[in-house]
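The chain contents come next:
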Amino acid sequence: MPVTRITSAQNALYKQVKRLIADRGFRRERGEFAAEGKRLFADALASGLAPRAVLLDERLDPVEYEPLGAPVYVLPQAMMTALSDTKTPQGVAGVFPIP
């Protein structure tokens, strides 16, 4: 799958992921959740879930995420930081189906 660059906070996918992180009702409504950070992302993969989308900080190499078969989106560092609800963002988030 090709790598797509997101540069605007008004991007629909960016807003959706931000809402998935913040709003439990929205997660239930969509049947999806956002796994933010390398550990949660890896845990979701290890549990057998396939990502529907992968969002990466522009400092990370998208090539290692392409084999997952989901669209990969690269964002500026500031946008990934704004997306995060952690003190030290790791630059990776994935949208997964709720099992």
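Use the structure listed above.
All figures in this text were calculated on a predicted structure; none of them were measured in a lab.

**Student:** Go over the packing of aromatic side chains with me, naming the residues and quoting the values.
**Tutor:** Taken as a whole, this structure holds three aromatic pairs when the rule is applied. With centroids separated by 5.7 Å and ring planes inclined at 25 degrees, the aromatic side chains of Phe33 and Phe96 adopt a geometry described as stacked. Of the two residues, Phe33 sits in strand β2 (residues 32–36) while Phe96 sits in strand β5 (residues 92–97), which places them 63 residues apart along the sequence. Take Phe33: its relative accessible area is 22%, and that puts it in the partly exposed class. Assessed through its relative accessible area of 0%, Phe96 is described here as buried. Between Phe41 and Phe96 the ring centres are 5.5 Å apart and the planes differ by 65 degrees, which places this aromatic pair in the edge-to-face class. A residue pair is termed long-range when its members are at least 10 positions apart, and Phe41 in helix α3 (residues 38–46) and Phe96 in strand β5 qualify at 55 residues. Each member of the pair, Phe41 as well as Phe96, is classed as buried. An aromatic cluster is present here, built from Phe33, Phe41, Tyr65 and Phe96 joined pairwise through their rings.

Rules used in this analysis
Residues numbered from 1 in each chain as written. Predicted model: local features only at pLDDT ≥ 70, side-chain atom pairs only at ≥ 80, totals over all residues. Heavy atoms only, no water. Phe/Tyr/Trp six-rings, centres within 6.5 Å; stacked < 30°, edge-to-face > 60°. Helix = DSSP H or I, 4+ residues; strand = E, 2+ residues; numbered from the N terminus. Buried < 20%, exposed > 50% of the residue type's maximum accessible area, 1.4 Å probe, protein only.

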